[in-house]
Amino acid sequence: MKKDNNKMKKIIEIVLAISMATIVMLLGIYYMPLQFLIFLYAIPFVVIGIKHEINTSIIGMILSTFIIGLLTDKLSGLFILITFLPLNIALVYTIKSRKKSSEIMAISTVVLIISFFVIMGIMGDITGVSIITQIEEFLNHTLSAQLELLEGMDLSSYEMFKLKDTMEDKLKEVLLIIPSTIMIFSLIMTYINYIISVLILRKLGYGIVYIPRFSRFKLPNNILVGVGIMFLGTFFLKIFELFNYRTILANITLLTSFIFFLQGLSVVDYKLKRKNRNWFLRLLILVFFTILIPVGGIITFIGILDVIFDFRGIRKVI
């Protein structure tokens, strides 16, 4: 009798997970203000995978994406599956294996990055045009529309020329940093799915799951040496005119600025935590800094200084 009850409870939980994930994805697809919900799609399946078996989680997500494909279009269902299924498997496997939080994040982020590039490849094969070219065409169209609006603002020919030149340079910069942007987005998306899944599991009584503390985030001690070697390598690429060094330099610059920005934010969070600020206030302050202070600003500089001087005194702890 007890075995039957447990089986029924498991079935109900799986059905709820499929229903919740499907509704969340459909709301994100059809309602613009709720698009952020799309990034939470994998969470119910990660929780089910930890509570039960990974196969259960996989089957549940396949059923969910099949339903989404029927209600939207088959290609969307396929892309959702390709994006989230590998991430789901990676998170469930690494959490159940009790990997360190850094290993869980690294493995799952790499898996998600690969998924995005696979989707880009498939889209290129379907349309016959690479996704980068499609993005470039979209940005050029947007640039043309903005320039048309500016023409009605009584600007001089020189001012129009300078504005056009500046906007074209920005467009080129955006195209250059697409690879690093995908990597950063994958890292953020993985962390959101990881941390929320872990918090839900804790609420369900799975105390063995470690909750990573952002205030303890720390880059390796030799990160500055590694960054220096990467920039030196890019310098040699420029000298010998190998590959497209501008693209490599732009992506390395963005990635290094972002990781030091993260460390700077973690220092701010650590100091707020030491002053006994509640989690909601800390979150608001971190979001405030993230939105208003650009990557490469004062927070990034704090992150670099923390690598050198260890403001939090956690170098020996980690």
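Because the structure is a prediction, the values reported are computed rather than measured. (Residues numbered from 1 in each chain as written. Predicted model: local features only at pLDDT ≥ 70, side-chain atom pairs only at ≥ 80, totals over all residues. Heavy atoms only, no water.)

(A) Fine view of the overall build of the chain. The helix and strand tally for the chain stands at 12 helices and 0 strands. The order of α-helices and β-strands along the chain, N terminus first, is α-α-α-α-α-α-α-α-α-α-α-α. By principal-axis analysis of the C-alpha atoms, the chain measures approximately 80 × 55 × 40 Å. Every one of the 318 residues in the chain was classed for burial, and the buried ones make up 36%. Within the chain, contacts between residues at least 6 apart in sequence are counted, and of these 71% link residues at least 24 apart. Counting only carbon and sulfur atoms, one obtains 69% of the accessible surface of the chain, whose full area is about 19200 Å². Taking the average place of the 31 positive charges on the side chains of the chain and the average place of its 20 negative ones, the gap between the two points comes to 21 Å. (Helix = DSSP H or I, 4+ residues; strand = E, 2+ residues; numbered from the N terminus. Buried < 20%, exposed > 50% of the residue type's maximum accessible area, 1.4 Å probe, protein only. Contact = heavy atoms within 4.5 Å. Areas by Shrake-Rupley, 256 points an atom, 1.4 Å probe, with all protein chains shown as cover. Lys, Arg positive; Asp, Glu negative; His and termini not counted. Charge placed at Lys NZ, Arg CZ, Asp CG, Glu CD.)

(B) Looking closely at unusual backbone geometry. The residue Arg-98 is not glycine, and still its phi comes out positive at about 60°. Relative to the helices and strands, Arg-98 is located in the loop between α4 (74-96) and α5 (101-127). The phi dihedral of Asp-310 is positive, around 55°, even though this residue is not glycine. Considering the arrangement of structural elements, one finds Asp-310 in the segment after α12 (298-309). Of the residues examined, Asp-310 reaches a relative accessible area of 16% and is grouped as buried.

(C) Here's a closer look at the side chain of Asn-251. Relative to the helices and strands, Asn-251 resides in helix α10 (residues 245-274). A polar atom in the side chain of Asn-251 sits 2.7 Å from the backbone oxygen of Thr-247. (Polar contact = N/O pair within 3.5 Å; in protein donor to acceptor, adjacent residues only side chain to side chain.)

(D) Structural view of the nonpolar core. With 42 residues, the main nonpolar core has Tyr-41, Met-61, Phe-84, Ile-95 and Tyr-194 as its most contacted residues. Secondary structure elements with two or more residues in this core: α1 (2-30), α2 (43-51), α3 (54-71), α4, α5, α6 (131-150), α7 (157-176) and α8 (178-203). At 7 residues, α4 tops the list of elements feeding residues into this core. Apart from the residues within four sequence positions on either side, Met-61 is in contact with Tyr-41, Ala-42, Phe-45, Leu-81, Phe-84, Leu-85 and Asn-88. (Core = buried A, V, L, I, M, F, W, Y, C linked by side-chain atoms within 4.5 Å.)

(E) Representation of the packing of α5 against α8. Between α5 and α8, the shortest axis-to-axis distance is 8 Å and the interhelical angle comes to 125°. Taken together, the axes of α5 and α8 lie oblique to each other. Note on packing geometry: the crossing formed by α5 with α8 is right-handed. Residues Ser-101, Ile-104, Met-105, Ser-108, Thr-109, Leu-112, Ile-113, Phe-116, Phe-117 and Met-120 of α5 form the contact with α8, whose own contacting residues are Ile-182, Met-183, Phe-185, Ser-186, Leu-187, Met-189, Thr-190, Tyr-191 and Tyr-194. Of the residues that constitute the contact of α5 with α8, the class distribution is 14 nonpolar, 5 polar and no charged. (Axes fitted to C-alpha atoms, helices over the stretch in contact; angles between N-to-C directions. Parallel < 35°, antiparallel > 145°, perpendicular 65-115°, else oblique. Left-handed = near helix turned anticlockwise from the far one by under 90°. Nonpolar A, V, L, I, M, F, W, Y, C, P; charged D, E, K, R; others polar.)

(F) Examining the environment of Ala-17 more closely. Position of Ala-17 among the secondary structure elements: in helix α1. Using a relative accessible area of 6% as the deciding quantity, one classes Ala-17 as buried. Note: C-alpha distance between Ala-17 and Val-47 (30 residues apart in sequence) is 8.6 Å. Filtering out sequence-adjacent residues up to four positions away, Ala-17 remains in contact with Pro-44, Phe-45 and Ile-48.

(G) Region of interest: the pattern of salt bridges. By the definition in use, this model includes 4 salt bridges. Here Lys-10 ties to Glu-53 by a salt bridge, and the two come within 2.9 Å at their closest N and O atoms. Residue Lys-10 is located in helix α1, and its partner Glu-53 is located in the loop between α2 and α3; the two are separated by 43 residues in the primary sequence. Here Lys-10 falls in the partly exposed class, since its relative accessible area comes to 24%. A salt bridge links Arg-312 to Asp-306, with the nearest nitrogen and oxygen atoms 2.6 Å apart. (Salt bridge = Lys/Arg side-chain N within 4 Å of Asp/Glu carboxyl O.)

(H) Focus on the packing of α2 against α8. Interaxial distance between α2 and α8 falls to 9 Å at its minimum, and their mutual angle equals 50°. For the element pair α2 / α8, the angle class is oblique. Remark: the crossing between α2 and α8 carries right-handed chirality. Where α2 approaches α8, its residues Ile-43, Val-46, Val-47, Ile-50 and Lys-51 are matched on the opposing element by Ile-192, Asn-193, Ile-196, Ser-197, Ile-200 and Leu-201. Within the contact of α2 with α8, the residues separate by chemical class into 8 nonpolar, 2 polar and 1 charged.

(I) The side chain of Ser-197, seen in detail. Take Ser-197: it is sitting in helix α8. Residue contacts for Ser-197: discarding those within four places in its chain leaves Ile-43, Val-46 and Val-47.

(J) Spotlight on α5. Spanning 27 residues, α5 covers 39 Å between terminal C-alpha atoms, matching the ideal 39 Å at 1.5 Å per step. Among the residues making up α5, those that are buried are Ile-104, Met-105, Ser-108, Thr-109, Leu-112, Ile-113, Ser-115, Phe-116, Ile-119, Met-120 and Gly-124. (Expected span 1.5 Å × (residues − 1).)

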